[in-house]
Amino acid sequence: MHKTFRGLVSLTLLVFALPVSRLGAQELEPGAYTVSPVGINVLNLTYGLSTGDVTFDPSLPVEEASARIQVFSMAAARSINLAGRSATALVAFPLMGGHVTGIYLGQPAEVRRTGFGDMRVRLGVNLYGEPARRLPEFAKTARSKLNVGASVMMVLPTGQYDPNRIINLGLNRAAFKPEAAIIRNFERWMFEIYGGAWLFTSNDDFFGGHTRSQDPILSLQFSRRRTFRPGLWIPGNANFYRGGRTHVDDLAKLDFQSNSRVGATLAVPITRRNAFRLAVSQGAYTTIGADFLNISASFQQTF
């Protein structure tokens, strides 16, 4: 195998691990714990473009690494009653395409991939504040000023993976993110704080017959949202995440992350049952990982 192609292995695995429908610690997702009436279904179609530089293990002889990654995601969610509390179940499937370039030992190299990434499943529940209510009762009741929520996100190894290939869109491992959230409402303003941790299983069929594992990643997200009228709102967001060192067999890599991102979102209602959302985020500080500019647009339909 050509050495420039092999030299981009760590770079490309890292890049494709990040943008699976914005699953990783980098994602900014305001309104993830928004309470809806029981029985509401939501279909969400999202297109995302991430482009920028990649900083990774400094022991690797790769320079000027950059990537351009596109993700189309389809997600379906339903608001449910979970032991009397308002809850939401969600499943999402990403279709990905990426172009990664870099210089290895002074020579240019590039990699292209297109296909399905790993699916995600999320269950979130409101533990304090809003109880589970059907639409008629929900519409007549004032919103709670304080809500406390919790969720578990699961990334399942359903994406394309071949242990005989160095570069894959699926990671051949599962990931879990337990998270807690506090949401405070002040009339037209909303403040959100999320705290969680990504936990990873090992890929025991990594290229070359090795085992690849990753340490947990701790994350915090802050959001301040201004609502102008029902369905029309703009939040500003920031997050911080730390950890995630990887290991191949017993060899620890020099890829410990201590990063942050900032961003903003615009949500605009089209009719009573659908809405458009535009989001922009940028790396604020990056030690290891992708310092990406991310732009996404989504269409949401409720029924």
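Keep in mind the model is a prediction, meaning the values are calculated, not measured.

K.L.:
Tell me what's going on with the overall build of the protein, and back it up with residues and numbers.
P.N.:
The secondary structure content of the protein amounts to three helices and 17 strands. Taking all 303 residues of the protein together, the buried fraction comes to 48%. In the protein, of all internal contacts separated by at least 6 residues, the share reaching a separation of at least 24 is 64%. Working note: accessible area of the protein is about 14800 Å², and carbon and sulfur atoms make up 61% of it.

K.L.:
Which residues make up the side chain of Ser-223, and what values go with them?
P.N.:
By secondary structure assignment, the location of Ser-223 is in strand S11 (residues 217–229). Side-chain polar atoms of Ser-223 contact the side chain of Asn-237, separated by 3.1 Å. Excluding residues that lie within four positions of it along the chain, Ser-223 makes contacts with Pro-30, Met-190, Phe-191, Glu-192, Pro-235, Gly-236 and Asn-237.

K.L.:
Go over the confidence of the model for the protein, please, and point to the residues and values.
P.N.:
Looking at the protein, pLDDT values average 86 and 88% of them are 70 or higher. Contacts for the low-pLDDT stretch residues 1–24, under 50 throughout, to residues beyond four places or in other chains number 74 contacts.

K.L.:
Please give an account of unusual backbone geometry that cites residues and values.
P.N.:
For Asn-172, which is not a glycine, the phi torsion comes out positive at approximately 55°. Relative to the helices and strands, Asn-172 resides in the loop between strand S6 (146–156) and strand S7 (175–186). In this structure, Glu-187 is a non-glycine residue whose phi angle is positive, near 55°. Along the chain, the position of Glu-187 falls in the loop between S7 and strand S8 (189–200).

K.L.:
Describe the side chain of Gln-221, listing the residues and the values that go with them.
P.N.:
Relative to the helices and strands, Gln-221 resides in strand S11. Taking relative accessible area as the criterion, Gln-221 reaches 8% and is therefore assigned buried. A polar contact of 3.4 Å, which involves the side chain of Gln-221, links it to the backbone nitrogen of Glu-29. What Gln-221 contacts, discounting residues up to four positions off in sequence, is Glu-27, Leu-28, Glu-29, Pro-30, Glu-192, Ile-193, Tyr-194, Ala-238 and Asn-239.

Conventions used here
Residues numbered from 1 in each chain as written. Predicted model: local features only at pLDDT ≥ 70, side-chain atom pairs only at ≥ 80, totals over all residues. Heavy atoms only, no water. Helix = DSSP H or I, 4+ residues; strand = E, 2+ residues; numbered from the N terminus. Buried < 20%, exposed > 50% of the residue type's maximum accessible area, 1.4 Å probe, protein only. Contact = heavy atoms within 4.5 Å. Areas by Shrake-Rupley, 256 points an atom, 1.4 Å probe, with all protein chains shown as cover. Polar contact = N/O pair within 3.5 Å; in protein donor to acceptor, adjacent residues only side chain to side chain. pLDDT = per-residue confidence, 0-100.

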